[in-house]
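Chain residues, written in single-letter form:
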Amino acid sequence: MPLKGIPSILPPALLSVLATMGHGDELLIADANFPASSQGRDVIHMQGSSATDVLAAILKLLPLDSFAEYQATVMKQVTAPDEDAPIVGDFASLLDAVYLADGAKRPAAVERVDRFAFYDRAKTTYAIVATGEVRLYGNIIVKKGVIGGDGKVVML
Ligand SMILES: C[C@@H]1O[C@@H](O)[C@@H](O)[C@H](O)[C@@H]1O
C-alpha cells in the first residue's frame, strides 16, 4: 500500500533491504538480461519497471557513499569497452542530481568494470533488483553511505 514520501513503485521487500543495508553495502539494479538469480544473492523482482525508474526511486531513500572512491559501478560494453553504453549517461544524471543536492562538492564517481568482473562484484552485493530494463548494459551497483544525527547525508 502507498506510503507518504515513499515512491510507490518500490515493493515492501526492497524497502526492507534498503533499511537493513549498512555503510558500504552495495545494491545491484540489474537489467532484464542480467543473470540475477544465479549470483547467489537475494533477488527482488521488478520486471514492470525500467532500471532508471528503479534507480531514481531508490535514490530518493538511499544515501550514496562519500567515503568511497566510487559511488557506483557499471558494466563495460563487451564490444566497445572504452565507450559507455547509452544508458550510463542516464544513470550518471540521476546519481549527480541527488549527490550534488545532498551537498557533494563533485559529481558522483562511476567505476567501469568488465562484464565478468561485474558478475564477481554482483556476488558480493547485499541484494539484486531484477528490473525489466531492455536497454543493454542497464546494470548499476550503488554503494550506501551514511546519514548523520542531523538527518543529512554525510559528505566528506
Ligand atoms: C553482455 C551483457 O550481458 C549481461 O550481463 C546483460 O545484463 C547486459 O545487458 C549485456 O547484455
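Everything numeric here is computed off the predicted structure, so don't read it as measured data.

Q: Would you explain the side chain of glutamate 26 in this entry?
A: Along the chain, the position of glutamate 26 falls in strand β1 (residues 26-30). Given a relative accessible area of 9%, glutamate 26 falls into the buried group. In this structure the side chain of glutamate 26 is engaged in a polar contact, spanning 3.3 Å, whose partner is the side chain of lysine 143. If we skip the residues at most four places from it in the chain, glutamate 26 touches Met21, Arg121, Thr125, Tyr126, Ala127, Ile141, Val142 and Lys143.

Q: Sorry, what's going on with the pairing of β1 here?
A: Looking down a regular strand, the side chains alternate between one sheet face and the other. Burial analysis of β1 places five of its five residues in the buried class, which makes it a mostly covered element. Along β1, one buried face is formed by Glu26, Leu28 and Ala30 and the opposite face, lined by Leu27 and Ile29, is buried too. Pairing of β1 with strand β5 (residues 127-131), which is carried by four bridges, proceeds in the parallel orientation. Among the inter-strand pairings, leucine 28 is bridged to a residue of β5, identified as isoleucine 128.

Q: Quick question: what am I supposed to make of unusual backbone geometry here?
A: Excluding glycine, residues mostly have negative phi values, and the peptide bonds linking residues are mostly trans. We note that tyrosine 137 has phi near 60 degrees; this positive angle belongs to a residue other than glycine. Within the secondary structure, tyrosine 137 sits in the loop between β5 and β6 (140-143).

Q: When you look at the nonpolar core in this model, what are you seeing that I'm missing?
A: Nonpolar side chains in soluble globular proteins tend to end up buried together. If you look at the biggest cluster of nonpolar residues, it comprises 47 residues, and the most contacted ones within it are Leu14, Leu27, Phe34, Ile58, Leu95, Ile140 and Val142. Ignoring sequence-local partners within four residues, the contact set of leucine 14 consists of Leu27, Ile44, Met46, Ile58 and Val129.

Q: Explanation requested: the site of the ligand in the structure shown.
A: In the vicinity of the ligand, the contacting residues are Asp31, Asn33, Phe34, Met75, Arg115, Tyr119, Leu136, Tyr137 and Asn139. Aspartate 31 places a side-chain nitrogen or oxygen 2.5 Å from an oxygen atom of the ligand. The backbone of tyrosine 137 places a nitrogen or oxygen atom 2.7 Å from an oxygen atom of the ligand. In isolation the ligand exposes 290 Å². Once the protein is present, 87% of that is buried. The residue inventory of the shell around the ligand, partitioned by class, reads five nonpolar, two polar and two charged.

Q: Help me out: how do you make sense of the confidence of the model for the chain in this one?
A: In regions of low pLDDT, the predicted coordinates are not meant to be interpreted in detail. Overall, the predicted model of the chain reaches an average pLDDT of 98, with 100% of residues at or above 70. Reported for the predicted complex are a pTM of 0.98 and an ipTM of 0.96.

Q: Any chance you could explain the sheet that holds strand β4 (residues 110-113) here in plain terms?
A: Within a sheet, neighbouring strands are paired by backbone hydrogen bonds and run either parallel or antiparallel to one another. Across the sheet, which stays open at both edges, the six strands sit in the order β2-β5-β1-β6-β3-β4 with mixed pairing between neighbours. What marks the edges here is a single partner per strand, and that holds for β2 (42-46) and β4. For this sheet the average axis-to-axis angle between neighbouring strands, irrespective of direction, equals 20 degrees. Alignment of strand β3 (residues 72-75) against β6, held across three bridges, turns out to be antiparallel. Each residue of the ladder has a partner; that of valine 74, found in β6, is isoleucine 140. Running at roughly 150 degrees to β1, helix α2 (residues 51-59) makes contact with β1, β2, β5 and β6 of the sheet. Against the sheet, helix α4 (residues 115-122) touches β1, β3, β4, β5 and β6, its axis set at about 135 degrees to β3.

Q: Would you mind going over the pattern of salt bridges with me for this structure?
A: Between side chains of opposite charge, a pair can form when the charged atoms approach closely. Enumeration over the complete set of coordinates arrives at six salt bridges. As a salt-bridge pair, arginine 112 and aspartate 84 come within 2.5 Å of each other at their nearest N and O atoms. Here aspartate 84 lies in the loop between β3 and α3 (86-101) and arginine 112 lies in strand β4, a separation of 28 residues in the sequence. Taking the relative accessible area as the measure of exposure, aspartate 84 reaches 36% and is therefore partly exposed. Here glutamate 111 ties to arginine 121 by a salt bridge, and the two come within 3.0 Å at their closest N and O atoms. Of this pair, glutamate 111 sits in strand β4 while arginine 121 sits in helix α4, and the two are ten residues apart along the sequence. Taken together, the salt bridges that share partners define one network made up of Glu26, Glu111, Arg121 and Lys143.

What counts, and at which threshold
Residues numbered from 1 in each chain as written. Predicted model: local features only at pLDDT ≥ 70, side-chain atom pairs only at ≥ 80, totals over all residues. Heavy atoms only, no water. Helix = DSSP H or I, 4+ residues; strand = E, 2+ residues; numbered from the N terminus. Buried < 20%, exposed > 50% of the residue type's maximum accessible area, 1.4 Å probe, protein only. Polar contact = N/O pair within 3.5 Å; in protein donor to acceptor, adjacent residues only side chain to side chain. Contact = heavy atoms within 4.5 Å. Pairing = 2+ DSSP bridges. Core = buried A, V, L, I, M, F, W, Y, C linked by side-chain atoms within 4.5 Å. Near = heavy atom within 4 Å. Areas by Shrake-Rupley, 256 points an atom, 1.4 Å probe, with all protein chains shown as cover. Nonpolar A, V, L, I, M, F, W, Y, C, P; charged D, E, K, R; others polar. pLDDT = per-residue confidence, 0-100. Axes fitted to C-alpha atoms, helices over the stretch in contact; angles between N-to-C directions. Salt bridge = Lys/Arg side-chain N within 4 Å of Asp/Glu carboxyl O.

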